[in-house]
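# A structural walkthrough
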Amino acid sequence: LYFIRPYALEVALIGVFILLYAVLEAVCLGVLYQVLQSTFVGSTTTAANGIISMINQFVNFLPINDKLIAGCALLIVVIGMKDIIGYYSQMMSASFGYNIWHDNQLKLYRKYIQADYLHSLNQKQGEVLYRIYTAPNTLGHTLTTIPQIIVELVKMAVIAAMLFSLAFRMTIVIIVFC
């Protein structure tokens, strides 16, 4: 947490983008469900709850008469928004990891430059290179990987909530047997 403290605003912004991406992933599945339902059933007026009913209301609000085409248009918009937000989320987390790596590498480099000459002679060359280059690189890579893990966990939770709202019993059967 010491390394992240100066970047609190970036961490918060990355967190918001991660949550927004996961929610849009669930909305994308909900819109796809609505499109498939209107394709095969022909009607979207079945008893739906939660996000599906909100999606049906939004599709009905669109100024397109055919609900299948309206659902497809909404699906295209949601997928586009999801991909743009996912791209910016990955870009910001990579930039964040690079900034942490760069700042810590500079701090270590300055410490070695200002260190006593005898201390520099007692250090092995490989150890100095490891501390200046490899250790901050590992930290930067870790801080880039953590947001990706969080995105996947949040996506799994949101998609599971979506599946439970659609068909609770079927979701339990799928979880048990898979």
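Residues numbered from 1 in each chain as written. Predicted model: local features only at pLDDT ≥ 70, side-chain atom pairs only at ≥ 80, totals over all residues. Heavy atoms only, no water.

Another aspect to go through is the pattern of salt bridges. Summed over all chains, the structure comprises three salt bridges. Its salt-bridge partner being Lys 155, residue Glu 152 comes within 3.5 Å of it at the nearest N-O pair. Taken together, the positions of Glu 152 and Lys 155, both in helix 5 (residues 125-166) and three residues apart, correspond to about one turn of that helix. Residue Glu 152 is classed as partly exposed on the basis of its relative accessible area, which comes to 42%. (Salt bridge = Lys/Arg side-chain N within 4 Å of Asp/Glu carboxyl O. Helix = DSSP H or I, 4+ residues; strand = E, 2+ residues; numbered from the N terminus. Buried < 20%, exposed > 50% of the residue type's maximum accessible area, 1.4 Å probe, protein only.)

Applying the stated rule across the entire model yields two aromatic pairs. With 5.6 Å between their ring centres and 65° between their planes, Tyr 87 and Tyr 88 make a pair best called edge-to-face. By relative accessible area, Tyr 88 is classed as partly exposed at 39%. Aromatic side chains Phe 164 and Phe 168 sit 5.3 Å apart centroid to centroid with 40° between the ring planes, which places their arrangement in the tilted category. (Phe/Tyr/Trp six-rings, centres within 6.5 Å; stacked < 30°, edge-to-face > 60°.)

So, about the nonpolar core. Core analysis: the largest hydrophobic core is formed by 21 residues, its most contacted members being Val 31, Ile 55, Val 59, Leu 74, Val 78, Phe 96 and Ile 100. Only helix 1 (8-40), helix 2 (51-61), helix 3 (67-114) and helix 5 provide two or more residues apiece to this core. Looking at this core, the element that brings in the most residues is helix 1, giving eight residues. Discounting chain neighbours no more than four positions away, the residues touching Ile 55 are Val 27, Gly 30, Val 31, Gln 34 and Leu 74. (Core = buried A, V, L, I, M, F, W, Y, C linked by side-chain atoms within 4.5 Å. Contact = heavy atoms within 4.5 Å.)

Right, let's get into a nonpolar patch on the surface. Together, Phe 168, Met 170, Ile 172, Val 173, Ile 174, Val 176 and Phe 177 line one region of the surface with nonpolar side chains, adding up to about 740 Å² of accessible area. Inspection of the secondary structure puts Ile 174 in helix 6 (residues 168-177). Judged by relative accessible area, which is 46%, Ile 174 ranks as partly exposed. (Patch = residues over 30% accessible without salt bridge, like charges linked within 9 Å, V, L, I, M, F, W, Y side chains within 5 Å. Areas by Shrake-Rupley, 256 points an atom, 1.4 Å probe, with all protein chains shown as cover.)

Let us now look at the side chain of Lys 155. A relative accessible area of 14% means that Lys 155 is categorised as buried. Setting aside anything within four residues of it in sequence, one finds Lys 155 in contact with Tyr 21, Ala 22 and Glu 25.

On to helix 3, then. The terminal C-alpha atoms of helix 3 lie 70 Å apart, and with 48 residues this matches the ideal 70 Å at 1.5 Å per residue to within 8%. At the N-terminal end of helix 3, a side-chain oxygen is found 3.3 Å from the backbone nitrogen of Leu 68, two or three residues along, and the residue is Asp 66. (Expected span 1.5 Å × (residues − 1). Polar contact = N/O pair within 3.5 Å; in protein donor to acceptor, adjacent residues only side chain to side chain.)

Attention shifts here to the packing of helix 1 against helix 2. In contact at an axis separation of 9 Å, helix 1 and helix 2 are set at 65° when each is read in the N-to-C sense. Viewed along their axes, helix 1 and helix 2 adopt a mutual orientation that is roughly perpendicular. Judged by the sense of rotation from one axis to the other, the crossing of helix 1 with helix 2 is right-handed. In this structure, helix 1 contributes Val 27, Gly 30, Val 31, Tyr 33 and Gln 34 to the contact, and helix 2 contributes Ile 51, Ile 52, Ile 55, Asn 56 and Val 59. By residue class, the composition of the contact of helix 1 with helix 2 is seven nonpolar, three polar and no charged. (Axes fitted to C-alpha atoms, helices over the stretch in contact; angles between N-to-C directions. Parallel < 35°, antiparallel > 145°, perpendicular 65-115°, else oblique. Left-handed = near helix turned anticlockwise from the far one by under 90°. Nonpolar A, V, L, I, M, F, W, Y, C, P; charged D, E, K, R; others polar.)

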